[in-house]
Amino acid sequence: MYSNKTSFVFGFHGLDETIGREIVAGQRDLKPSQNRYDWLGHGVYFWEDNLARAKKWADDQSKRKQTSVKQPFAIGAVIDLGNCFDLLRQDCLDFLAVQYENMLQESALSNEPIPQNKAWTAADIDFKKRELDCAVIRYAIEAAKDIGVMYDSVRAAFWEGQELYPSAGFKQYNHIQIAVINPQCIKGLFIPR
């Protein structure tokens, strides 16, 4: 009953400049990410209210060997989160925990291994290869559909990077991320000023 967000949020998406300008011009669409390691399941990913983080992500991507990001860039979006599976809300966290247990039981019956969250490299302290989280969120979204609940987006906070100072509860790349499942929730796209 309270899962519908009543306001718009700004989201920022890091990508290649040519692709970003074509998307804003309506010449191509944003493509949902469908990797096994996506932190919030499948969807179009945005950094909530965080243009600098989207730009940093695009810059980091441009340094990889195989990448579509040749010139780092970020576009903005006006997003209506709609019926949001918001992992900053207790009811969604509780539902996710129950669905993890259900997934474990189903996996045991079928003798299928459960995916694991892993580090990409030895220096990855954040376990950025989130195969378990992706699988559990996707399982929960499907379980919700089975009881008649359709989610438009997924939202969560992440504590990422090194501590800002010794024993800090804050890290250098804390952020809120959004995965838009229903593309109709993206109400407008723009090039940030």
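Because the structure is a prediction, the values reported are computed rather than measured.

Caption draft 1: Representation of helix H2 (residues 51–62). In this model H2 runs 17 Å from its N-terminal to its C-terminal C-alpha over 12 residues, within 8% of the 16 Å that 1.5 Å per residue would give. Here H2 has its buried residues at Leu-51, Arg-53, Ala-54, Ala-58 and Gln-61.

Caption draft 2: Representation of a nonpolar patch on the surface. A cluster of nonpolar side chains, namely Leu-164, Tyr-165 and Phe-170, defines an oily patch on the protein surface of about 330 Å² accessible area. As for its position among the elements, Phe-170 is in the loop between strand E7 (153–158) and strand E8 (175–180).

Caption draft 3: Up close: the sheet that holds E8. Taken in spatial order, the 7 strands make up an open sheet running E4-E7-E8-E2-E1-E3-E9, and their pairing is mixed. The open sheet has two edge strands with one neighbour each: strand E4 (84–86) and strand E9 (186–190). With strand direction ignored, the average angle separating the axes of adjacent strands in the sheet is 30 degrees. Alignment of E7 against E8, held across 6 bridges, turns out to be antiparallel. Of the residues in E8, the one forming a bridge with Arg-155 is Ile-178.

Caption draft 4: Region of interest: the nonpolar core. By size, the foremost hydrophobic cluster in this structure holds 21 residues, and its most contacted members are Leu-40, Phe-85, Leu-87, Leu-96, Ile-137 and Val-154. Looking at this core, the elements that each hand over two or more residues are helix H3 (90–110), helix H4 (131–146) and E7. It is H4 that contributes the most residues to this core, 7 residues altogether. By size, the runner-up hydrophobic cluster in this structure holds 17 residues, among which are Val-9, Leu-30, Ile-178 and Val-180.

Caption draft 5: Structural context of the pattern of salt bridges. This structure, assessed with the given rule, holds 11 salt bridges. Salt-bridge contacts for Glu-17 lead to Arg-21; the nearest nitrogen and oxygen are separated by 2.9 Å. In this pair, Glu-17 and Arg-21 both sit in helix H1 (residues 17–24), 4 residues apart, roughly one turn of the helix. Looking at Arg-21, the relative accessible area reads 40%, which means it is partly exposed. The partner of Arg-130 in a salt bridge is Asp-133, and the shortest N-O contact between them spans 3.3 Å. Using a relative accessible area of 12% as the deciding quantity, one classes Arg-130 as buried. Looking at Asp-133, the relative accessible area reads 24%, which means it is partly exposed. Among the charged side chains, a salt-bridge network with shared partners connects Glu-48, Asp-86 and Arg-155.

Thresholds, definitions, all that
Residues numbered from 1 in each chain as written. Predicted model: local features only at pLDDT ≥ 70, side-chain atom pairs only at ≥ 80, totals over all residues. Heavy atoms only, no water. Helix = DSSP H or I, 4+ residues; strand = E, 2+ residues; numbered from the N terminus. Expected span 1.5 Å × (residues − 1). Buried < 20%, exposed > 50% of the residue type's maximum accessible area, 1.4 Å probe, protein only. Patch = residues over 30% accessible without salt bridge, like charges linked within 9 Å, V, L, I, M, F, W, Y side chains within 5 Å. Areas by Shrake-Rupley, 256 points an atom, 1.4 Å probe, with all protein chains shown as cover. Salt bridge = Lys/Arg side-chain N within 4 Å of Asp/Glu carboxyl O. Pairing = 2+ DSSP bridges. Axes fitted to C-alpha atoms, helices over the stretch in contact; angles between N-to-C directions. Core = buried A, V, L, I, M, F, W, Y, C linked by side-chain atoms within 4.5 Å.

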